[in-house]
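Here's the letter readout for the chains.
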Amino acid sequence: MLWGRSREELTHRIHSSQPIREWEGQPAHMYGEIIHSSLVSLYNSYTQETSEHFLVLFSFHLLILSLDHSRQDFIYEGILPLSGLSLEAVSLDHDASHSPHMFEISGPMVDSKVFICASAAEQQKWMQHIEDRRHKSMAQPMSPSHCALSYLLPCDEHWKREELKKYLLQAPIWQWEGSSIQHMGQPGYISIVHIINSLRQGLQERLMVLFPQDVLLLSVDNKRLNIRYEGRLPRQSIRAVERSALPGRLEFELIGELVEPLQVSCTCYEDYRNWMFQLQQPDRNSHVAMSQAPPPIMPKLQRSRKESQEPMITADQRHINSRS
């Protein structure tokens, strides 16, 4: 019971059109059936303090809500895809019988979180439900309803950009070339752009990612399920120049001695401003002389727009992003 309401009443409230404060992303009912929900405490291992939260398990996601008791209101804290989570029972005491009934979730897109349940039976129920749904989410074919990438794109909000940066460092990237993405450093900026190669026709949607020494170009299939490598450009051998001063034309050109000119079109002024600022500046993070710059791994722009939107290659193909 919470605020004098049964579990069924609380479930109906979450699924209904009644808004949840600070909610982000698609409506709660779009995540499907609610498998389990209950009141838990979130344990802070640094301060050793706890705070009440309400956990909601959907078929392929775990929703975390904090509580405003004065207004009897839920506050959105985040929703996590189960396929990327690890789960284990934890204990504060060497003697588990004297420890609170706790479990921990962790993953590449989320800081570790420890939850305390009201009883051993409730802890066991949570762990069984999450493990069961996690295995099912990984076993059956991915669909946009439970793929993390599908709700991080378009990355038109700050929280989506930050989560997408984390996602890229762990996700498989098809047809990857060169050193692994983990060796490129931390992503600085990321956005969807449209690129035209001046020597060929065709507008191509790309996910452009700024790293300390490179600009990485990726494509995403039209179902927003998979990512494919399209090339990378060393920052020290390229620069951005304004394409047009006309209002509403958020375009610039990437030029360099070893690179075919690329016309880049941004979807909003914030993206345009950030890319122009970053790519007009000297690369302060690099101490390699210009004369020693390796030739860029050229973007693979020969595919047509139609081809770039076809479903991705299947997992049995051998070219996948190295995690070494």
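That block above? That's the structure.
Residues numbered from 1 in each chain as written. Predicted model: local features only at pLDDT ≥ 70, side-chain atom pairs only at ≥ 80, totals over all residues. Heavy atoms only, no water.

Caption draft 1: Unusual backbone geometry, seen in detail. Residue Pro 154 is bonded to the preceding Leu 153 through a cis peptide linkage, with omega at 0 degrees. By the element assignment, Pro 154 lies in the loop between α3 (148-152) and α4 (158-168). Notably, Glu 22 is not glycine yet its phi reads approximately 65 degrees, a positive angle. Among the structural elements, Glu 22 can be located in the loop between α1 (7-15) and β1 (34-43). When its relative accessible area of 57% is taken as the criterion, Glu 22 is described as exposed. Phi at Gln 48 takes a positive value of approximately 60 degrees, unusual for a residue other than glycine. (Helix = DSSP H or I, 4+ residues; strand = E, 2+ residues; numbered from the N terminus. Buried < 20%, exposed > 50% of the residue type's maximum accessible area, 1.4 Å probe, protein only.)

Caption draft 2: Structural detail: the side chain of Glu 251. As for its position among the elements, Glu 251 is in strand β14 (residues 251-256). Separated by 3.3 Å, the side chains of Glu 251 and Gln 263 make a polar contact. (Polar contact = N/O pair within 3.5 Å; in protein donor to acceptor, adjacent residues only side chain to side chain.)

Caption draft 3: Looking closely at the environment of Glu 242. Structurally, Glu 242 is set in strand β13 (residues 239-242). Here Glu 242 is in contact with Glu 251, Tyr 272 and Met 276, once residues within four sequence places are set aside. In terms of polar contacts, Glu 242 uses its side chain to reach the side chain of Tyr 272, at 3.3 Å. (Contact = heavy atoms within 4.5 Å.)

Caption draft 4: Structural detail: the pairing of strand β3 (residues 61-68). Buried residues dominate β3, accounting for eight of its eight residues. Across the two faces of β3 the burial is the same, with His 61, Leu 63, Leu 65 and Leu 67 and Leu 62, Ile 64, Ser 66 and Asp 68 all buried. Pairing geometry for strand β2 (residues 50-58) and β3, over five bridges, is antiparallel. Counterpart to Val 56 in the pairing with β3 is Leu 63. The antiparallel hairpin formed by β2 and β3 contains two residues in its connecting segment. Here eight bridges tie β3 to strand β4 (residues 73-81), and the two strands are oriented antiparallel to one another. Residue pairing across strands places Leu 63 opposite Ile 79, the latter belonging to β4. Remark: four residues form the turn of the hairpin made by β3 and β4, two consecutive strands paired antiparallel; Gln 72 in that turn has positive phi of roughly 50 degrees. (Pairing = 2+ DSSP bridges.)

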